[in-house]
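Okay, here's what each chain looks like letter by letter:
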Amino acid sequence: MNVFVVNCGSSSLKYQLIDSETEEVIAKGLCERIGIDGRLTHKPTGKDTVVRECDMPDHKSAVSYVLEALTDEQFGVIKDLSSIDAVGHRIVHGGERFANSVVINDEVLAAIEECNDLAPLHNPANLIGISACKALMPEVPMVAVFDTAFHQTMPQKAYLYGLPYEYYEQYKVRKYGFHGTSHSFVSKRLIELIGKQDKESKVIICHLGNGSSVTAVKNGESVDTSMGFTPLDGLIMGTRSGSIDPAVVQFLADKLSCSLDEVINILNKKSGVEGISGVSSDFRDLDKASSEGNERAAIALDLFAYRVAQFVGSYAASMNGVDAIAFTAGIGENNSKMRKNICEYLEYLGINIDDKANATGGEEIKISTADSKVAVYVIPTNEELAIARETVALL
Ligand code: AMP
């Protein structure tokens with residue numbers, strides 16, 4: 001079965017065509033600057049990458065360029081659209097309604113739309129992606145895979161905020177958590193690797209990328225996670241502040257004579273390790289600056305490690321123990337120095353890192369020593385493959 005996996009942002013569209021039997025990527029790519037001008041980068045496996053400037057006034061035209069590229073005589077990978085058997089859509093917010101992936105029908109579309117309020121930047125773009133695909137491939141079955149779904153197993157004590165209860169009842173203000181597809185994929189693999197399937201297991205997943213979150217997974221279910229009502233909460237990230245005292249928002253609005261919207265924009269786009277260091281949101285730049293003696297870059301890196309370790313510690317407490325920890329995503333998979341720094345904060349858990357194993361990067365590997373009380377692994381995440389698997393399982 002060939003599954004077309006679509007991840008729509010407000011002005012971008014990422015895609016992969018995956019053969020579900022071999023789990024190989026047949027082609028992948030990205031449309032950028034949709035609604036501005038438009039650029040398609042198409043990477044057919046085994047052939048040269050194609051970059052095309054095209055006029056993309058909307059997502060429908062972007063999908064249409066992608067389908068043309070996939071079926072092109074020269075750089076295409078399939079003969080025609082009948083070779084696409086299903087489409088899997090990444091949807092950011094499923095609210096409390098979706099605890100699992102679902103086959104898309106009119107009722108599901110209406111329910112996703114009801115969640116727009118909770119993710120005003122993302123869900124409308126996801127819906128546009130669905131309707132663009134439906135218009136061009138009306139007969140092909142489609143599945144929605146939600147970023148929030150995996151965390152719907154959290155107990156009330158983890159997801160309720162200390163606010164008047166009626167705000168939860170009336171407005172659904174609560175912790176939802178994100179990166180669910182990645183946390184689910186990586187935790188399943190980790191539980192397999194430590195041989196704990198169908199047994200009691202307590203694992204913690206550190207998804208550390210531009211956006212970062214930590215999740216506590218007990219017996220295969222998410223029981224707590226660091227992102228909250230929005231993906232702004234929790235860890236310090238590339239440009240996001242993570243958790244701060246909410247009173248800072250009004251204080252800064254007064255000091256900067258700006259609106260609350262503008263302060264939230266600062267917390268989302270100008271904060272995090274970039275805001276602290278004044279250097280970059282990219283950890284490679286920060287490592288370089290820090291090694292050249294830039295103190296603020298060094299502080300930003302240490303703050304990041306400290307915060308991750310704090311969440312891991314608090315989740316070990318939440319679950320009354322932890323069997324294993326996994327690092328994943330751009331930083332988690334590739335930055336051995338950061339992994340080491342985080343684990344140094346966790347020595348009290350009996351964690352011992354094997355420096356030689358930790359020095360390798362970008363592949364699945366155990367990085368703790370044989371006598372470490374908690375096993376530590378690097379496990380590359382693959383959200384697209386997870387979406388393709390979910391899509392096939394449902395259809
Ligand atoms: P993501 O959002 O998962 O793509 O992660 C982005 C972050 O991962 C950036 O801060 C990068 O510095 C880091 N990263 C990605 N690839 C590498 C790599 N090959 N080596 C070191 N860091 C990397």
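All chains use their own residue numbering, which begins from 1 and follows the written sequence. Note on the predicted model: pLDDT of at least 70 is required for a residue's local features to be given, and 80 or more for side-chain atom pairs to be given and counted; whole-chain, interface and lining totals, by contrast, use all residues. Hydrogen atoms and water are omitted, and side-chain values are computed over all heavy atoms in the structure.

### A look at the overall build of the protein
Phase 1 of the analysis: Helix and strand assignments follow DSSP, with helices taken as H or I runs no shorter than four residues and strands as E runs no shorter than two, numbered in order from the N terminus. Each helix and strand counted, the protein has 15 helices and 14 strands in total.
Phase 2 of the analysis: For the protein, the spread of C-alpha atoms along the three principal axes comes to 60 × 55 × 45 Å.
Phase 3 of the analysis: The criterion used for residue contact is that any of the two residues' heavy atoms lie within 4.5 Å. Expressed as a percentage of contacts within the protein between residues at least 6 apart in sequence, the contacts between residues at least 24 apart total 59%.
Phase 4 of the analysis: Total accessible area on the protein is roughly 18,200 Å²; 48% of this is exposed by carbon and sulfur atoms. For accessible areas, the Shrake-Rupley method is used with a probe of radius 1.4 Å. Any residue's cover is judged against the shown protein chains and nothing else.

### Remarks on the site of the ligand
Phase 1 of the analysis: Around the ligand sit G209, N210, S281, D282, F283, R284, A329, G330, I331 and N334, and that is every residue in its neighbourhood.
Phase 2 of the analysis: Between R284 and the ligand, the recorded distance is 3.3 Å, taken from a backbone N or O atom to an oxygen atom.
Phase 3 of the analysis: Calculation on the ligand without its partners gives an accessible area of 500 Å², and the protein chains cover 65% of this total.
Phase 4 of the analysis: Looking at the shell around the ligand, the elements that each hand over two or more residues are α10 (283-291) and α12 (329-334). Nearness here has a simple test: a residue counts as near a molecule or strand if at least one of its heavy atoms is within 4 Å of that partner. For this analysis, a polar contact is any N or O atom pair within 3.5 Å, provided that within protein one partner can donate a hydrogen and the other can accept it, and provided that sequence-adjacent residues contribute only side-chain to side-chain pairs.

### Observations concerning unusual backbone geometry
Phase 1 of the analysis: Positive phi outside glycine occurs at H179, with the angle close to 55 degrees.
Phase 2 of the analysis: Here H179 is to be found in the loop between α5 (165-171) and α6 (180-193).
Phase 3 of the analysis: One non-glycine residue, D198, adopts positive backbone phi at about 60 degrees.
Phase 4 of the analysis: If you trace the backbone, D198 turns up in the loop between α6 and β9 (202-208).
Phase 5 of the analysis: Given a relative accessible area of 84%, D198 falls into the exposed group. Under the scheme applied here, a residue whose accessible area is under 20% of the maximum for its type counts as buried, over 50% as exposed, and between as partly exposed, the area being computed with a 1.4 Å probe on protein chains only.

### Comments concerning the sheet that holds strand β6 (residues 86-91)
The strands that make up a sheet pair up through hydrogen bonds in the backbone, lying either parallel or antiparallel.
Phase 1 of the analysis: Strand pairing is assigned whenever DSSP detects at least two bridges linking the two strands. Pairing within the open sheet is mixed, and its eight strands lie in the order β5-β4-β3-β2-β1-β6-β8-β7. This sheet does not close on itself; its edge strands, each paired only once, are β5 (50-53) and β7 (102-103).
Phase 2 of the analysis: Examined bridge by bridge, strand β3 (residues 24-32) and strand β4 (residues 39-44) share six bridges and lie antiparallel to one another. When the sheet's bridge partners are listed, G29 is paired in β4 with H42.

### As for the sheet that holds strand β14 (residues 375-378)
Phase 1 of the analysis: Across the sheet, six strands lie side by side as β11-β10-β9-β12-β14-β13; this open sheet has mixed pairing. For this open sheet the edge positions go to β11 (221-225) and β13 (365-366), each flanked by a neighbour on one side alone.
Phase 2 of the analysis: Relative to β9, α6 is tilted by about 135 degrees, and along the sheet it contacts β9, β10 (212-218), β12 (324-328) and β14.
Phase 3 of the analysis: Orientation is described by axes fitted as lines to C-alpha atoms, over the contacting stretch for helices, and by angles from 0 to 180 degrees between their N-to-C directions. Contacting β9, β12 and β14, helix α13 (residues 336-344) crosses the sheet at an angle of about 150 degrees to β12.

### Observations regarding the pattern of salt bridges
Phase 1 of the analysis: The salt bridge criterion pairs a side-chain nitrogen of Lys or Arg with a carboxyl oxygen of Asp or Glu, the two atoms within 4 Å. This model, assessed by the stated rule, comprises 15 salt bridges.
Phase 2 of the analysis: With a shortest N-O distance of 3.4 Å, R39 and E32 are connected by a salt bridge.
Phase 3 of the analysis: Judged by relative accessible area, R39 falls into the partly exposed class, the value being 28%.
Phase 4 of the analysis: Judged by its relative accessible area of 26%, E32 falls in the partly exposed class.
Phase 5 of the analysis: Residue K175 pairs with D224 through a salt bridge whose shortest N-O separation is 2.7 Å. Linking K175 in the loop between α5 and α6 with D224 in strand β11, this pair joins segments that are 49 residues apart in sequence.

### Here's the deal with a nonpolar patch on the surface
Phase 1 of the analysis: In this analysis, a patch consists of residues with relative accessible area above 30% that form no salt bridge, clustered at 9 Å for like charges and at 5 Å for the nonpolar side chains Val, Leu, Ile, Met, Phe, Trp and Tyr. Together, V103, L394 and L395 make up an exposed nonpolar region whose accessible area comes to about 220 Å².
Phase 2 of the analysis: The topology assignment puts V103 in strand β7.

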